[in-house]
Amino acid sequence: MVLTVWVAEWVLDEDRRTLRVGETLTEWLTFTDVERLPRVPPECVQSIRGVARALPRWPGTEDGHHPASISVDGATLYWDAPRPVDGPVEITGVVSLNNIDAPDGFPVTRGAIRRVRMEWQATGTGTDGKRVSLPPGASSHYEDVPVSYLPGYDDGPGPGFPLDPAAISAQALRWSGCLVDVEPDAPVASTGETP
């Protein structure tokens, strides 16, 4: 199974990190139900079949949710489930890279990067003249690249980006992250420290 993993721009920008097709990604991965994400781009959404196991509560558990792990074909995902869960699950949502924290001993997932797409969010000008993000989903654009890059705040996508200028009219595009297709090897024991 190949997982599409969303990586927020700040995660990469903070460490001045790039992602390359063919390299190995070793990170904690988090799953978020699509119902909890307003207007998420369809490119980020995937259905997951796996086995969920309840985890003990830990300081990172969201209020009103139940911590769980989901094992799926060589990967382990952290999930703040809406109700207690234990056993087979089929759920739809977004898998994202988590470089902040995870429960003690939670395994990282290791896998080969098979595809990298820069995610660009359409922005417009607000009534105060400042740049504002347009609603997610209807305004995300993707650029396939062999290796991600770190654009400045006002930089647009690289040369040859296939986008109809009429489709964005007076809007601008701002880098908002990357989508990375990862083919997992197997979960790797974690020390609980940032991978």
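Residues numbered from 1 in each chain as written. Predicted model: local features only at pLDDT ≥ 70, side-chain atom pairs only at ≥ 80, totals over all residues. Heavy atoms only, no water.

Attention now moves to the overall build of the protein. Secondary structure assignment for the protein yields 2 helices and 10 strands. Listing the helices and strands of the protein from first to last along the sequence gives β-α-β-β-β-β-β-β-β-β-α-β. Taken over 195 residues, the protein has a buried fraction of 46%. Taking contacts inside the protein between residues at least 6 apart in sequence as the whole, the part at least 24 apart equals 74%. Carbon and sulfur atoms make up 51% of the accessible area of the protein, which totals about 9,900 Å². (Helix = DSSP H or I, 4+ residues; strand = E, 2+ residues; numbered from the N terminus. Buried < 20%, exposed > 50% of the residue type's maximum accessible area, 1.4 Å probe, protein only. Contact = heavy atoms within 4.5 Å. Areas by Shrake-Rupley, 256 points an atom, 1.4 Å probe, with all protein chains shown as cover.)

Let us look at the packing of aromatic side chains. Scanning the model with the defined rule gives 4 aromatic pairs in all. Measuring from ring centre to ring centre gives 6.1 Å for Phe31 and Trp79, while their planes differ by 85°; the resulting arrangement is edge-to-face. Of the two residues, Phe31 sits in strand β2 (residues 24-33) while Trp79 sits in strand β5 (residues 75-81), which places them 48 residues apart along the sequence. Neither residue differs from the other here; Phe31 and Trp79 are each classed as buried. Aromatic pair Trp120 and Tyr149: ring centres 6.5 Å apart, planes at 45°, arrangement tilted. Of the two residues, Trp120 sits in strand β7 (residues 108-125) while Tyr149 sits in the loop between β9 (140-145) and α2 (165-168), which places them 29 residues apart along the sequence. Here a set of aromatic residues connected by ring pairs shows up, and it is made of Trp58, Tyr78 and Phe106. The ring of Tyr142 has Arg117 sitting right over it, with the charged end atom 6.0 Å from the ring centre. (Phe/Tyr/Trp six-rings, centres within 6.5 Å; stacked < 30°, edge-to-face > 60°. Lys NZ or Arg CZ within 6 Å of the ring centre and 35° of its normal.)

Now for the nonpolar core. By size, the foremost hydrophobic cluster in this structure holds 35 residues, and its most contacted members are Ile48, Ile70, Leu77 and Trp79. Setting aside its immediate chain neighbours within four residues, Leu77 contacts Leu3, Leu29, Phe31, Ile48, Ala68, Ser69, Ile70, Val72, Val95 and Phe106. (Core = buried A, V, L, I, M, F, W, Y, C linked by side-chain atoms within 4.5 Å.)

Bear in mind that shape data such as this cannot, by itself, settle questions of function.
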